[in-house]
Amino acid sequence: PEFVGRFPVVVAAARLDVDQLASVLTQPKNALLHQYKYLFHLSNVDLVVTDDAVRQIAQRAHDRGTGARALRSILETLLLEPMFVAPDPDVVSVLVDADAVNGRTKPTIIRDPSKKLADDHDAQELAVSF
């Protein structure tokens, strides 16, 4: 009994394939995409990630060879700028497609100009009241 904890345990695990990585990204209750959607929701912004983008994120993680750990790193890099822009009052949605994942474009930030105008008007009224 006292030797059990002293022997090293070697376990061989197979690499996750792209489909499995995509499911890790979307299916569990506390999946990464659900976490990021919630963070954007706190700023009243919808985060929309296309199915092709999910597949590309999983493919990039698979190519790195670090398994599911790469998913968070890829998402953080991809969503860094939109996370800083999201609190702006005129931002309504952020769209991530396969081109954004592959670096050809940036994630699309969708704005509602009427919200910006309303917020500017409120700020002017507040400045005048002081």
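Here the structure is shown first, and the text comes after it.
Residues numbered from 1 in each chain as written. Predicted model: local features only at pLDDT ≥ 70, side-chain atom pairs only at ≥ 80, totals over all residues. Heavy atoms only, no water.

(A) Spatial organisation of the overall build of the protein. Secondary structure summary: the protein contains six helices and three strands in total. Ordered by position from the N terminus, the helices and strands of the protein form the series α-α-β-α-α-β-α-β-α. Expressed as a percentage of its 130 residues, the buried residues of the protein come to 27%. Across the protein, contacts joining residues at least 24 apart in sequence account for 61% of those joining residues at least 6 apart. Of the roughly 9,000 Å² of accessible surface on the protein, a fraction of 56% belongs to carbon and sulfur atoms. (Helix = DSSP H or I, 4+ residues; strand = E, 2+ residues; numbered from the N terminus. Buried < 20%, exposed > 50% of the residue type's maximum accessible area, 1.4 Å probe, protein only. Contact = heavy atoms within 4.5 Å. Areas by Shrake-Rupley, 256 points an atom, 1.4 Å probe, with all protein chains shown as cover.)

(B) Inspection of the sheet that holds strand E3 (residues 108–111) at higher detail. Pairing is mixed across the open sheet formed by three strands, whose spatial order is E1-E2-E3. The open sheet has two free edges, formed respectively by strand E1 (46–49) and E3, since each of these has just one partner strand. Strand-to-strand twist of the sheet, defined as the mean angle between neighbouring strand axes without regard to direction, takes the value 20°. Across four bridges, the pairing between E1 and strand E2 (residues 91–96) is parallel. Across the sheet, Asp 46 pairs through a bridge with Ser 93, a residue of E2. (Pairing = 2+ DSSP bridges. Axes fitted to C-alpha atoms, helices over the stretch in contact; angles between N-to-C directions.)

(C) Examining unusual backbone geometry more closely. With a phi angle near 60°, Asn 44 is a residue other than glycine that sits in the positive phi range. Inspection of the secondary structure assignment puts Asn 44 in the loop between helix H2 (32–41) and E1.

(D) Up close: the packing of H2 against helix H4 (residues 69–85). Closest axis-to-axis distance for the H2/H4 pair is 11 Å, and the angle between their directions is 15°. By the angle between their axes, H2 is roughly parallel relative to H4. Our pair here, H2 against H4, has a crossing hand that is right-handed. Packed against H2, whose contacting residues are Leu 32, Leu 33, Gln 35, Tyr 36 and Phe 40, the element H4 presents Leu 71, Arg 72, Leu 75, Glu 76, Leu 79, Pro 82 and Met 83 at the interface. Considered class by class, the residues forming the contact of H2 with H4 number nine nonpolar, one polar and two charged. (Parallel < 35°, antiparallel > 145°, perpendicular 65-115°, else oblique. Left-handed = near helix turned anticlockwise from the far one by under 90°. Nonpolar A, V, L, I, M, F, W, Y, C, P; charged D, E, K, R; others polar.)

Structural measurements only, silent on function.
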